[in-house]
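# A look at the structure
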Amino acid sequence: MRLHVPAKPFRVLSLDGGGTWALIQGKALGAIYGGDTDGWSILDRFDLAAANSGGALVLAMLLKGMTPNEIVALFRDRRERALIFERNAIVDRALGSLFGFGPRYHAPGKMNGLLDIFQRTRGRWGPEFAALPLDLIAAGLNAERAQKGLGPFHFLITAFDFDAERTVFFRSDPGSAAAHFRGAPVPTIAGALHAATNAPVRYFNRPAQVEFADGSAVNYWDGAVGGYNNPIMAGVIEALAADPARRDTMQVLSLGTGNTRLPVVAPDWPGNAPWAVRRKPLRGLDSVRVVSDLRKLTAAIMADRPEAAGYVAHIALGEPVATPDGAGVRASRIVRMNPMVQPRHAGEDAARQPRWEPYEWFAELSAARGKTLFERLVTLDMDAVTDEEMQDIERLSDLWLAGKVPNQPVYSDDRFAPVIGHGWFAEALAAWRALDVVEEPAAEAPQTSRARTALERFFGWLRLWRPRARAEAGPVAVATPLPKPAAAAAPSIIPGRAPVD
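For the structure given in this document, a descriptive report is provided here. All of these numbers come straight from a predicted model, not from anything done at the bench.

### So, unusual backbone geometry
- Unlike most non-glycine residues, S53 shows phi in positive territory, near 50°.
- Within the element layout of this structure, S53 appears in helix α3 (residues 53–64).
- Exposure remark for S53: the relative accessible area of 3% places this residue in the buried category.
- Located in the positive-phi region is E165, a residue other than glycine, with phi close to 55°.
- With respect to the helices and strands, the residue E165 is situated in the loop between β3 (154–161) and β4 (166–171).
- With a relative accessible area of 63%, E165 lands in the exposed category.

### What about the pattern of salt bridges?
- Under the criterion given, the structure shown has 25 salt bridges.
- Across the salt bridge formed by D77 and R79, the nearest N and O atoms sit 3.4 Å from each other.
- What you see here is one network of salt bridges that share partners, running through D38, D44, R124, E144, R145 and K148.

### Some thoughts on the nonpolar core
- Ranked by internal contacts, the top residues of the largest apolar core, which has 97 residues, are L63, F170, L253, M337 and W361.
- Per-element accounting of this core gives the leading share, eight residues, to α3.
- If sequence neighbours within four positions are ignored, L63 has contacts with W40, L43, W125, F129, I137, L141, F153, F155 and I189.
- Listed in part, the 19 residues of the second largest apolar core include F10, L48, I232 and L240.

### Overview of helix α14 (residues 387–401)
- Here α14 is 15 residues long and its end C-alpha atoms lie 21 Å apart, about the 21 Å a rise of 1.5 Å per residue gives.
- Among all positions of α14, only E389, M390, D392, I393, E394, L396, S397, L399 and W400 are buried.
- Positive backbone phi, approximately 85°, marks G403, located one or two places after α14.

### Some thoughts on the pairing of strand β7 (residues 250–255)
- Of all six residues in β7, six are buried, a share of seventy percent or more.
- Burial along β7 is two-sided: the residues M250, V252 and S254 and Q251, L253 and L255 are all buried.
- Two elements, strand β1 (residues 10–15) and β7, share six bridges in a ladder whose sense is parallel. Opposite L13, over in β7, you have L253 as the bridge partner.
- By the bridge criterion, four bridges tie β7 to strand β11 (residues 334–337) in an arrangement that is parallel. Bridging from a neighbouring strand, V252 pairs with I334 of β11.

### Some points on the packing of helix α1 (residues 23–33) against helix α15 (residues 425–435)
- Two elements in contact, α1 and α15, have axes whose closest approach is 11 Å; the angle formed by their N-to-C orientations is 55°. By the angle between their axes, α1 is oblique relative to α15. Here α1 and α15 pass one another in a crossing that is right-handed. Counting all contacts with α1, which are made through A31, I32 and Y33, the residues of α15 involved are F425, L429, W432 and R433.

### Quick look at the packing of aromatic side chains
- This structure, assessed with the given rule, holds 22 aromatic pairs.
- Ring centres 5.0 Å apart and planes at 75° place the aromatic pair F162 and W221 in the edge-to-face group. Linking F162 in the loop between β3 and β4 with W221 in strand β6 (residues 217–222), this pair joins segments that are 59 residues apart in sequence.
- By relative accessible area, which is 32% here, F162 ends up partly exposed.
- Taken together, a centroid distance of 4.9 Å and an interplanar angle of 65° make the contact between W400 and F425 edge-to-face. Highlighted residues: W400 in helix α14 and F425 in helix α15, separated in sequence by 25 residues. The residues W400 and F425 share a single accessibility class, namely buried.
- Chaining the aromatic ring pairs together yields one cluster made of W275, Y359, W361, F362, F374 and W424.

Cut-offs used in this document
- Residues numbered from 1 in each chain as written.
- Predicted model: local features only at pLDDT ≥ 70, side-chain atom pairs only at ≥ 80, totals over all residues.
- Heavy atoms only, no water.
- Helix = DSSP H or I, 4+ residues; strand = E, 2+ residues; numbered from the N terminus.
- Buried < 20%, exposed > 50% of the residue type's maximum accessible area, 1.4 Å probe, protein only.
- Salt bridge = Lys/Arg side-chain N within 4 Å of Asp/Glu carboxyl O.
- Core = buried A, V, L, I, M, F, W, Y, C linked by side-chain atoms within 4.5 Å.
- Contact = heavy atoms within 4.5 Å.
- Expected span 1.5 Å × (residues − 1).
- Pairing = 2+ DSSP bridges.
- Axes fitted to C-alpha atoms, helices over the stretch in contact; angles between N-to-C directions.
- Parallel < 35°, antiparallel > 145°, perpendicular 65-115°, else oblique.
- Left-handed = near helix turned anticlockwise from the far one by under 90°.
- Phe/Tyr/Trp six-rings, centres within 6.5 Å; stacked < 30°, edge-to-face > 60°.

Don't take any of this as a statement about function, it's just geometry.
This is how it looks when you write it as structure tokens:
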């Protein structure tokens, strides 16, 4: 009889966009795998990665071989941030201020900044890394993975074709089963990052122009414009297109860059707290708000509002449908890790109105003068560039890792209670560590030859006719097997693995 050999899990790493808030992903990777673990060892734990915008920048750093600590240090450095967010000319900024809405940064300067950053950063690749095409980067990584007995690794970066008005995926595997057009030119890693990080209208003054080796040039916006700021479904579909059987074995680690979720209350809600949004009737002059609506629309495009993308992927993997009926939190093969700036539900008052209370950290002072940390974070945009802004983002991340700030689950109810997934980072970390294990292939039972089977049956038949002879012979001494040498103790930390508590 053959022993059942369970299918090897297919693991996907999904990295949200979010500008400089992607520092949070560096902190999370450090907490999961160790701050000094190099990027290649971390990617050894996965078979595929999907990323957008700031998450694509983090993925590129992992592909170069940088550690989580080095990723965080780069986001902390104001000079490095300025290379990506190069301010627009004074005239352009003045026009934007005049109309109350306009781009802040110079798109062509961002490409030069990306080339500069990756020319200087350390890792497995040298200064030529930024100019390498995606497929060549994957080939280098996979050559080492093959020596370790690991399967191939594939990654994709999302963007939006400005002229064709459709989402595109830059793949390390041009022949991917999910690709619409086979043999499409492959961009360099710097070109893919330039496209994926080019948030429109409020942020960069023009589309990112990416040049390909065949001489063509295409204009791109950020992949969030096509609905892929959280690129988890891009990764899931990429994996399923190649092998539908992965649906039953896929495991996904989805890292966010922080979200704000404030409860929306009725106009007659009795409270007056800044952590609740009161619905406003749109009438008269208040119904014509072109500039403010454009601001809101841009912000909505660039964010994954809880929790559409993760829940759709959860259902796509055949996991149970959400039932917020108090039956308990459901598990999922998708582990979402993302800090949430949100209050907590505290029941209802005597008039059956919901009560919302702040967490303790809401009152903590921001690095910016005159504001609390909560007030600063709910208004802080994705293009945080000052040292004070980055200090507040890192403080949010540290509070989240310490269990003071709630975690975004895969799906939550209208009271922000988890229905699927985990409401705190420690729970999500424990869930991922339970999934992120090294699979030892089960040994098959040796095949018994027909001759040996027949001989064993013969001796079995013979023993039935010799019970008296065995009894008269007395007890038979049984040889004691030699003890096996003790296995070497496993190290507490395996490179590229989550540290063992």
